[in-house]
Amino acid sequence: MNVRVGDIIKLENNQFVAADLLLLSSSEPHSLCYIETAELDGETNMKVRQSLSVTAELGDPNNLASFDGEVVCEPPNNKLDRFCGLLCWRDCKYPLSNHNMLLRGCVLRNTETCYGLVIFAGPDTKLMQNSGRTKFKRTSIDRLMNTLVLWIFGFMVCMGVILAVGNAVWEREVGSLFQSYLAWDLPVDNFLFSAFLSFWSYVIILNTVVPISLYVSVEVIRLGHSYFINWDRKMFCPQCNTAAEARTTTLNEELGQVEYIFSDKTGTLTQNIMSFSKCSINGHAYGEVIDPLGAQLKRLDFSSFNPLADPDFCYYDNGLLKSVKLGDLHSHEFFRLLSLCHTVMSEEKKEGELMYKAQSPDEGALVTAARNFGFVFRSRTPGTVTVTELGRPVTYTLLAILDFNNIRKRMSVIVRNPEGRIRLYCKGADTLLFERLHPSNHHLMNITTDHLNEYAGDGLRTLALAYRDLSEEQWEEWSERHRQADRATDCREDRLADIYEHIEQDMMLLGATAIEDKLQEGVPETIAILSLANIKIWVLTGDKQETAVNIGYSCKMLTGDMTEVFIISGNTVLSVREELRRARERMIEFARTREGGKEEGMEGWGEACSLGNGFGGDGGGEGREWPSVGDKQQQCPPPPGPPAPRPPSSTTLDSISGEFALVINGHSLAHALEADMEGEFVSTACVCRAVICCRVTPLQKALVVELIKKHKKAVTLAIGDGANDVSMIKTAHIGVGISGQEGIQAVLASDYSFSQFRFLQRLLLVHGRWSYLRMCRFLCYFFYKNFAFTMVHFWFGFFCGFSAQTVYDQYFITLYNIVYTSLPVLAMGIFDQDVPEQRSLEYPKLYEPGQLNLLFNKREFFICITQGIYTSVVLFFVPYAILSHGTQGTGEPLADYQTFAVTTATALVIVVSVQIALDTGYWTAINHFFVWGSVGTFFTIMLAMHSQTLFSIFPNQFHFVGSAQSTLVQPLVWLTIVLATVICIVPVLAFRFLKLDLKPQLSDTVRTICFWSHSQLSDTVRTVCFWPLSQLSDTVRTICFWPHSQLSDTVRTVCFWPHSQLSDTVRTICFWSHSQLSDTVRTICFWPHSQLSDTVRTICFWPHSQLSDTVRTICFWPHSQLSDTVRTICFCSLTR
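Please read all numbers here as calculations on a predicted model, not as lab measurements.

On the basis of which strands lie adjacent, the open sheet formed by four strands has the order S1-S10-S2-S8 and antiparallel pairing. Every other strand in the sheet has two partners, leaving strand S1 (8-12) and strand S8 (101-102) as the edge strands with one partner each.

Below you can see the structure in the form of structure tokens.
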């Protein structure tokens, strides 16, 4: 359809809007139409649009043909929720807003027909303006690979130059001696030109060292990892019928390197299923019901009182219902406000069966509460709202709607009741609404504030409600000013905001609401496990401080045994800077105190949970009242005296380890994000284990993420569920969308999506860690095999007169990377594991190598290419040395080019196949098939290409006829191949055994542990069996303590199953907990027995201040006379 600006389009039900249209008329009453904007902003609920009243009667095509209006509007932009324009028609000007627009991408619903004038078309539409240039996210491995490929290319050029120089020298000193019978080919006429041609010939020969196929293989592996995420049944939510989805294939390995997680609260940590819980009306609190006998509370039955009540509504406090029945005016006005001040749409399919469609769950919960208490919202038109009040239908004239936005944080409506009285109703954030109350509300405001703090302490979402009576003169004056501002073509939003601010003053407080939004399943456990993986979690929420902090305690981000929780609530730059300075001083003071041995007990948590087997902490802070946190912060007054010293360097702060948390509100965060203070904020916040930012805007969320990316150079992940999280999701290295109650806009902007926050631990600790591990092992092996293959040509150049002669035949060079070595490394890159998925979740510390980028970096790259070069040296010089003096059984020499080529190629394929067999940690049938099948394929193809059959068909292509058959029957050739393989592989095996023995990684340690589970010993004794293997003597055995929710601060028992002299004896390790040392290892009591001589006597704890949360290892020191008994258990650190 060739749509142009100025065209008038007819749309029918369920059709897509093809351009940005000004709605002229509709078949519905009052010229309304309903649209679905899921493709535009992800919201699934229907929205209403209305045409101007002057164009509403243009529904007839003849009238539309005579329409000659002129539209003056803003230029094309990407703001989906704003439109500013004027319609000039019949000598009048009519203001246009987003409420009159149908945007491209919307779908017409429940409307037979409508007509619209094209305002923007093609790339000027808001949908296309938002598409723009997508920022392509690349991983750190991608960037490193690009750098390494450039280095390899430079290395190849250097080798070409060396060989070209060698060619020039050789041609001048040696080649000139036989020019008379072996002249240069034309157009070569001197040794310099020969060297020039030799350089380019070697560039072609050595180009296999540049991993061109690497990028294709990487994308194949990433695609496989993405499918594993999509197919993971443990990340499928049956309630939502939603599976996890990898919406990109380029970031999988970066999932294993995340250091910071930025999370929204509502809908991400919580369910975003709102229910009306408590309220405060005129200073009276309702909703707190406690049965002294402990009996189950009985929910109220509203059906007898109100036949239109929602049967699913749940409420227990009969006092509020009695207040409504007794005719309390404040209660009636309270619920009247809830039934009028909203944007909910009502649909009544049958008489009395109402269905509300709200743009947010909060609005739906409040309107449903009003409905059950007798104030039932029935329907709305552009100019009226109809409500059934205690069984009596009442229609209010809707004079104005003062819209909600993230800046105003409130919404108001101005209505006229049937008696003609005009009243403004307002609901919004208490911090902003209280500033606009009449002075006479001071006492009531204090009482309501206490109630709000109590509700927020319970983790409830709160709103304040107020009203203002307006005289006719006030309304007329304000209405005129509003019309003038609405008609403005420039700065309309600012002018309207000023007008709204003028009318929303001197209001009378009605009360406050409290809505419950419960935590999602598994959130506390997920956060605890991610914290043990050294991932710092920041919560960025628009909720008030008390609500966010209480949720922090509920989800175990904040715990009662934390060292200190710092509150940053300053309203000026100086106050925020001072509070940050105090926090840093307290951190440094604590670190110095602990180093001095005055607070040795603070490191106990890390000592007990060093292997990361559990969640740590008893959650003592859950449900804790917020003032206790404030009291903790108030114990640290600023030190008097001289001016504060300069802030300590980030290096000093980074060395501090402690259980700190930071809470900062939106006003303070705005100052902290300023250029001259952002460094102080980052250095302070990043020391803390948890950070909560309250009352933040969507823009501030993105700025916080960008700040960490800029200063910490760490991999960030942002997770959210709503449109206000999109900017944060797009800014982070990895964006995760929760498909929840707020539409799918966050999902559409994300890189990965699922339905529950708890799936994040599996995404990172299993799929992310495996993806990083597989990719690193793949890259190391890929560079190794390429250098081992290509560098043989380089060494051969010194023995062939630098003539650019290849060692292998052309078909082997072609098939080496395509057939012989491609599939085994792909199988390893897709299927490899170091430990099973269950162990990955049980030992979160296994995640740390990815954060530290230990498995593939420049150092590992140079180790790989060094091994490849060493292998090439062995593969060339060992066959060269042996075959140059070797003979066949018939006495004929073996020193020919074909025999050398076949021997070197065979040894190369065998060596790289054995190497990948050693590198593979998890064998599947596919791995076996690819590895051994590749070796078999090599021999099959080589024998076929050297056969008489192919030579007879293509005599000019296969020159090595019979070479393979005659070479591989020689015992000396196989001895050469075996010797080369041994020389290449034995150093690798020796190095790995020594590394496993002397400096094992945690993954090596975990694999040596055998856990015996018993059905009758669940939640009790976990048994560690030490298998005395000959090769594992003097190696590290690790005992892992399994914490359980029911066993916090209780005895963990380790049973040592002895071998010869210790049968039927059990050694018990008792953990004595102390009041301040919950879930920490303090005392090990050995119960000595007279018959247990030559058994365990002493356990030595070597405490170190820097070893919190690290692995403690139990080392068995064997003695000659005590071969079957354990002498000393020594706790030391693997990571000191």
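On we go from here.
Our focus in this paragraph is unusual backbone geometry. Even without being glycine, Arg-90 reaches a positive phi, approximately 55°. Take Arg-90: it is sitting in the loop between strand S6 (85-89) and strand S7 (92-96). For Arg-90, a relative accessible area of 59% gives the class exposed. Residue Asp-91 is not a glycine yet carries a positive backbone phi of 60°.

Glancing now at the sheet that holds S6. An order of S5-S6-S7 is seen for the three strands of this open sheet, with the pairing classed as antiparallel. Both edges of this open sheet fall to strand S5 (70-73) and S7, since each of them pairs with a single strand only. Strand-to-strand twist across the sheet, computed as the mean angle between neighbouring axes with direction ignored, equals 25°. Pairing geometry for S5 and S6, over four bridges, is antiparallel.

Considering all chains together, one arrives at zero disulfides under this definition. The closest cysteine sulfur to the non-disulfide-bonded Cys-694 is located on Cys-693, 7.3 Å from its own sulfur.

What follows deals with helix H15 (residues 545-554). Here H15 lies mainly inside the structure; 10 of its 10 residues are buried. Remark: Lys-556 follows H15 within two positions and exhibits a positive phi of approximately 70°.

Moving on: the packing of helix H4 (residues 140-173) against helix H25 (residues 759-797). One can describe the packing of H4 onto H25 by two numbers: an axis separation of 12 Å at closest approach and a directional angle of 5°. Judged on the interaxial angle alone, H25 and H4 are roughly parallel. Here H4 contributes Ile-141, Met-145, Leu-148, Ile-152, Phe-155, Met-159, Ile-162 and Leu-163 to the contact with H25, which in turn contributes Tyr-772, Met-775, Cys-776, Leu-779, Phe-783, Phe-787, Met-791, Phe-794 and Gly-797. Within the contact of H4 with H25, the residues separate by chemical class into 16 nonpolar, one polar and no charged.

As a further point, take helix H26 (residues 810-820). Residues Phe-812, Leu-815, Tyr-816, Asn-817 and Tyr-820 constitute the buried set of H26. Packing partners of the buried residues in H26 comprise H25, helix H27 (822-831), helix H31 (897-919) and helix H32 (925-945). Capping the start of H26, Asp-809 holds a side-chain oxygen 3.0 Å from the backbone nitrogen of Tyr-811, two or three residues further along.

In a structure, side chains of opposite charge can pair up when their charged atoms sit close to one another. For the coordinates displayed, the defined rule picks out 46 salt bridges. Of the charged contacts in the structure, one is a salt bridge between Arg-392 and Glu-389, with a shortest N-O distance of 3.8 Å. Owing to a relative accessible area of 49%, Arg-392 belongs among the partly exposed residues under this scheme. Assessed through its relative accessible area of 5%, Glu-389 is described here as buried. When the shortest N-O distance is used, the salt bridge between Arg-992 and Asp-919 registers 2.5 Å. Placement of the pair is Arg-992 in helix H35 (residues 971-998) and Asp-919 in helix H31, with a sequence separation of 73 residues.

This part takes up a nonpolar patch on the surface. Side chains of Ile-162, Phe-798, Phe-799, Phe-877 and Tyr-880 sit close together on the surface and give an oily, nonpolar patch of about 450 Å² of accessible area. Turning to its location among the elements, Phe-877 is positioned in helix H30 (residues 858-883). In this structure Phe-877 comes out as partly exposed when scored by relative accessible area, which is 31%.

What follows covers the packing of H4 against helix H6 (residues 212-231). The interhelical angle for the contact between H4 and H6, taken along N-to-C directions, is 165°, at an axis separation of 12 Å. Taken together, the axes of H4 and H6 are roughly antiparallel relative to one another. Remark: the crossing between H4 and H6 carries right-handed chirality. Across the interface between the two elements, Asp-142, Met-145, Asn-146 and Val-149 from H4 touch Leu-214, Tyr-215, Val-218 and Arg-222 from H6. Within the contact of H4 with H6, the residues separate by chemical class into five nonpolar, one polar and two charged.

Attention now moves to the packing of aromatic side chains. By the definition in use, this model includes 56 aromatic pairs. Put simply, the rings of Phe-794, Trp-795, Phe-796, Phe-798, Phe-799, Phe-802, Phe-876, Phe-877, Tyr-880, Tyr-897 and Phe-900 touch in pairs and so form one group of aromatic residues. A cation over a ring is seen here: Arg-90 above Trp-89, with NZ or CZ 3.9 Å from the ring centre. For the cation-ring pair, Lys-785 lies above Phe-782, with the distance from its terminal atom to the ring centre recorded as 4.3 Å.

Cut-offs applied
- Residues numbered from 1 in each chain as written.
- Predicted model: local features only at pLDDT ≥ 70, side-chain atom pairs only at ≥ 80, totals over all residues.
- Heavy atoms only, no water.
- Pairing = 2+ DSSP bridges.
- Helix = DSSP H or I, 4+ residues; strand = E, 2+ residues; numbered from the N terminus.
- Buried < 20%, exposed > 50% of the residue type's maximum accessible area, 1.4 Å probe, protein only.
- Axes fitted to C-alpha atoms, helices over the stretch in contact; angles between N-to-C directions.
- Disulfide = S-S within 2.5 Å.
- Parallel < 35°, antiparallel > 145°, perpendicular 65-115°, else oblique.
- Contact = heavy atoms within 4.5 Å.
- Nonpolar A, V, L, I, M, F, W, Y, C, P; charged D, E, K, R; others polar.
- Polar contact = N/O pair within 3.5 Å; in protein donor to acceptor, adjacent residues only side chain to side chain.
- Salt bridge = Lys/Arg side-chain N within 4 Å of Asp/Glu carboxyl O.
- Patch = residues over 30% accessible without salt bridge, like charges linked within 9 Å, V, L, I, M, F, W, Y side chains within 5 Å.
- Areas by Shrake-Rupley, 256 points an atom, 1.4 Å probe, with all protein chains shown as cover.
- Left-handed = near helix turned anticlockwise from the far one by under 90°.
- Phe/Tyr/Trp six-rings, centres within 6.5 Å; stacked < 30°, edge-to-face > 60°.
- Lys NZ or Arg CZ within 6 Å of the ring centre and 35° of its normal.

Purely geometric stuff here, so don't read any function into it on its own.
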